[in-house]
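Coordinate inspection notes
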Amino acid sequence: MGYVERIRENFQKHGASSNGWQFRLVLMGKDRWKWKKAGWVVVGRLALAAACCAISACSGVGAKRSIANRSEAFAKPRNLLLISVDTLRADHLGCYGYPRPTSPEIDAFARGGSLVTTAFAASPHTAPSHMSMFTSQYPFEHGILSQYEGAFRGTASTLAEVLQRAGYDTAAFVGISGPGFHFGPDAGHARGFRIWESPNRFFELDRNIRVWLAAHRDMPFFLFVHAYDLHDPQLVFDGFDANRFDPEYHGPIPGTWGEFLRATNFPLDWPMVLQVLTSGTYAELNPLYAQLVQRYQALLDGAAVGHVQAVYDAQIFYADRGIGRLLGWVKELGLEANTLVVLTADHGQEFGEHGKIAAHGQLYDETLHVPLIFHGPGIPSDRRLDSLVSSLDILPTALDLLGVKIPETARGLSLAPLLVGKKTGEIQEEVFAALGDDTAIRTREWKLIVHGDGSQELYDVRRDPGERDNVVAQQPAAALTLAHRLREQLRQTRTTSAVGDEVLKERLRTDGYW
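Scoring rules and cut-offs
- Within each chain, residue numbers correspond to sequence positions counted from 1 in written order.
- Side-chain atom pairs in this predicted model are given and counted only at pLDDT of 80 or more, local residue features only at pLDDT of at least 70, and totals for whole chains, interfaces and linings cover all residues.
- To obtain the side-chain values, all non-hydrogen atoms of the structure were included, while hydrogens and water were left out.
- For the purposes of this entry, the term helix denotes a DSSP run of H or I that reaches at least four residues, the term strand denotes a run of E that reaches at least two, and both are numbered from the N terminus.
- Burial classes: relative accessible area under 20% of the type maximum marks a residue as buried, over 50% as exposed, and values in between as partly exposed (1.4 Å probe, protein chains only).
- Methods summary: accessible areas were calculated by the Shrake-Rupley approach with a probe of 1.4 Å, and residue burial reflects only the protein chains presented.
- Here a residue-residue contact requires only that any non-hydrogen atoms of the pair lie within 4.5 Å.
- As used here, the term nonpolar core means buried Ala, Val, Leu, Ile, Met, Phe, Trp, Tyr and Cys residues forming a set that is joined through side-chain atoms within 4.5 Å.
- Strands are labelled as partners when DSSP assigns at least two bridges between them.
- Under this scheme, a helix contributes an axis fitted over its contacting stretch, all axes are lines through C-alpha atoms, and angles between N-to-C directions fall in the 0 to 180 degree range.
- Any pair of Phe, Tyr and Trp rings, taking the six-membered ring for Trp, is counted once the centres come within 6.5 Å. Such a pair is stacked with planes under 30 degrees apart, edge-to-face with planes over 60 apart, and tilted for the rest.
- Any Lys NZ or Arg CZ that is within 6 Å of a ring centre and within 35 degrees of that ring's normal is treated as a charge sitting over the ring.
- In this scheme, a helix's expected span is set at 1.5 Å multiplied by one less than its residue total.
- Like charges are joined within 9 Å and nonpolar side chains (Val, Leu, Ile, Met, Phe, Trp, Tyr) within 5 Å, but only among residues with over 30% relative accessible area and no salt bridge; these make up the patches.
- Between Lys or Arg on one side and Asp or Glu on the other, a salt bridge is scored when a side-chain nitrogen of the former is within 4 Å of a carboxyl oxygen of the latter.
- Asp and Glu count as negative and Lys and Arg as positive, but His and the ends of the chain are not part of the count.
- Lys charges are placed at NZ, Arg charges at CZ, Asp charges at CG and Glu charges at CD.
- Per-residue confidence from the predictor is given as pLDDT, running between 0 and 100.

Within the chain, the regular secondary structure consists of 16 helices and 17 strands. Of all 514 residues assigned to the chain, the portion counted as buried reaches 62%. Just so you have it, the chain exposes about 19300 Å², and 50% of that area is on carbon and sulfur atoms.

Set out below in structure tokens:
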């Protein structure tokens, strides 16, 4: 029986509504994972989580760490909510200067907090970027080098592990994740989370999140919320307006999943695809996703870039509504006054700037420049921080603000002195990024990309923010200096290198990651 036939048989056997089924991957105990049908009663596991947290709370919330220059009046937050919007470019948000009204909820959230203007992800792929957020280490140190390459190495504690030891209950509601998927339990991302539930979408926010929050109003918690709503292919779910920002478009590029499947004569209809996207293990999901990406990419050409970006902006708009709903739950439940909320993204998206459309497999700023916004007690409102920041700085900043000791393995720096103290200016001279064997170093003035084959690209990002003019030949001294600093960083921290497998690279290209 072929792959499509097996999916169809499973679909017909179980039945499904027009919206398909959702299945949940729930952490039930150490190394035990179970798939549960949507609607499964959550009272039992919430009660268990509450009991565990109550026991932990009796022993205190862990070591405290003072912030340099902290005002005595600073109100320390008790909880942490980390929101990661997969594939979200900073420069497509209104609060970052984008002209289209894509993000009214995020913009309002930013006005109530502090926004970092120049924050950069450690990788343009989901798996390594999130591990860098969770461990405050670069991919060449923690070991996950690309979406399908590497595994966690070393002894670094994740943010969830640190907070769990400090007495916090921990939960994650994420996009597609499961057995064999490189973002999730198999790759080590779920370490420290008592609950790891999948899938979640911002379009239709998982209401179990509200149930979980309500059960934790009186106990310290760390909640991680993530979804793939903006991920390529650039398509919105059926029932949403893909042409919201391009109403006059009548060309051949589909904007919804249903239109796309009909236009490409895909052998499954929308409910069946949704079932696989939300319930399949990675072994089942990858062939289907590869086919979807291949057929979508075949429809694109240079003339389609403007419309594809407009659909991407519509994706942001509908995801933004879900984020507003999540933030609304925090306020309704009385958690706003004691919860630090951090909103960011794992990477951006390419729209033809360097030859690729609806992809994110290169180390340019369109894939690395991400939003980073802090909101909570003591955080100044309507403030912009222009310091050079890495996603590695999220862990030490959050722990510093919570009053929890920062682990020695963290490579990032705390932004707390900038957020709630008197410090201004830069906290670091450079940030780094990596993907497979490719590495990059970025300063305020320069960006150097070193490819696995030894070739280099150098950009004067003050004069050339779009990274169009490679000046490595004209600026050998700058290239040499940056290359030395990059080599020194790798020498100090590198634990692994890419395998250089052409089969792997082809798989990345096929799935839209390279």
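For the rest of this paragraph, the subject is unusual backbone geometry. With an omega of 0 degrees, the peptide bond between D232 and P233 qualifies as cis. Mapped onto the elements, P233 comes out in the loop between β7 (221-227) and α8 (257-263). Phi angles above zero are rare outside glycine, and T87 is one such case at about 70 degrees. Relative to the helices and strands, T87 is located in the loop between β3 (79-85) and α3 (104-111). Here T87 falls in the buried class, since its relative accessible area comes to 0%. Phi angles above zero are rare outside glycine, and S136 is one such case at about 60 degrees. Tracing the sequence through the fold places S136 in the loop between α4 (126-135) and α5 (139-142). On the accessibility criterion, S136 (0% relative accessible area) is buried.

Our next topic: the environment of Y459. In this fold, Y459 is placed in strand β17 (residues 456-460). Along the chain, Y459 and R442 lie 17 residues apart, while their C-alpha atoms are 9.4 Å from each other. For Y459, the residues in contact, after removing those within four places along its chain, are Y364, E445, W446, K447, I449, D464, E467, R468, D469 and N470.

Attention now moves to the nonpolar core. Of all hydrophobic cores here, the largest spans 147 residues; its most connected members are L213 and L223. The greatest single-element share of this core, amounting to 15 residues, is contributed by helix α11 (residues 305-332). Apart from residues lying up to four places away in sequence, L223 is in contact with L80, L81, L82, A171, F173, I209, W212 and L213.

By way of backbone hydrogen bonds, the strands of a sheet pair with one another, either parallel or antiparallel. On the basis of which strands lie adjacent, the open sheet formed by four strands has the order β14-β15-β16-β17 and antiparallel pairing. In the strand order of this sheet, the two ends are held by β14 (431-435) and β17, each with one partner. Each adjacent strand pair in this sheet contributes to an overall mean axis angle of 15 degrees, direction not counted. Summarising the sheet, strand β15 (residues 438-442) and strand β16 (residues 446-450) pair through four bridges and their orientation is antiparallel. The residue of β16 that forms the bridge with T439 is V450.

Let us now look at α4. Counted residue by residue, α4 has ten buried out of ten residues, so it is predominantly covered. Burial in α4 covers these residues: T126, A127, P128, S129, H130, M131, S132, M133, F134 and T135. Those residues of α4 that are buried are in contact with β3, α5, α6 (159-165), β7, β8 (339-344) and α13 (394-402). Count one or two residues on from α4 and you reach S136, which has phi positive near 60 degrees.

Among the structural elements, Q164 can be located in helix α6. Judged by relative accessible area, which is 25%, Q164 ranks as partly exposed. Sequence separation of Q164 and F222 is 58 residues, and the distance between their C-alpha atoms is 8.3 Å. With residues up to four places along the chain from it excluded, the contact list for Q164 reads T170, G192 and R194.

Each aromatic ring pair is specified by the distance between its two centres and by the angle formed by the two planes. Summed over the entire model, instances satisfying the criterion amount to 18 aromatic pairs. With centroids separated by 6.2 Å and ring planes inclined at 80 degrees, the aromatic side chains of F245 and F317 adopt a geometry described as edge-to-face. Highlighted residues: F245 in the loop between β7 and α8 and F317 in helix α11, separated in sequence by 72 residues. With respect to class, F245 is no different from F317; both count as buried. On the basis of an interplanar angle of 70 degrees and a centroid distance of 6.2 Å, the ring pair of Y364 and Y459 is categorised as edge-to-face. You can see Y364 sitting in the loop between β10 (357-359) and α12 (365-368) and its partner Y459 sitting in strand β17, a full 95 residues away along the chain. With respect to class, Y364 is no different from Y459; both count as buried. An aromatic cluster of at least three residues, connected via ring pairs, comprises F203, F237, F240, F245, F317 and Y318. A cation over an aromatic ring shows up here: R244 above the ring of F245, its NZ or CZ 5.9 Å from the ring centre. The side chain of R244 reaches across the aromatic face of F317, ending 3.7 Å from its centre.

With that settled, the discussion passes to α11. Given 3.6 residues per turn, any residue in an α-helix points the same way as the ones three and four places further on. With 28 residues, α11 should reach 40 Å at 1.5 Å per residue; the first-to-last C-alpha distance of 40 Å fits that figure. The buried fraction of α11 amounts to 21 of the 28 residues, a majority that puts the element mostly inside the structure.

Turning next to a positive patch on the surface. On the surface, R207, R244, R321 and R325 cluster together into a positively charged patch. Note on placement: R321 falls in helix α11.

The next subject is the confidence of the model for the chain. Averaged over every residue, the pLDDT of the chain is 80; residues scoring 70 or more account for 75%. Within the model, the stretch residues 497-508 combines pLDDT values under 50 with 23 contacts to residues more than four positions away or in other chains. The low-confidence segment residues 510-514 (pLDDT under 50) makes 27 contacts with residues lying over four places distant or belonging to another chain.

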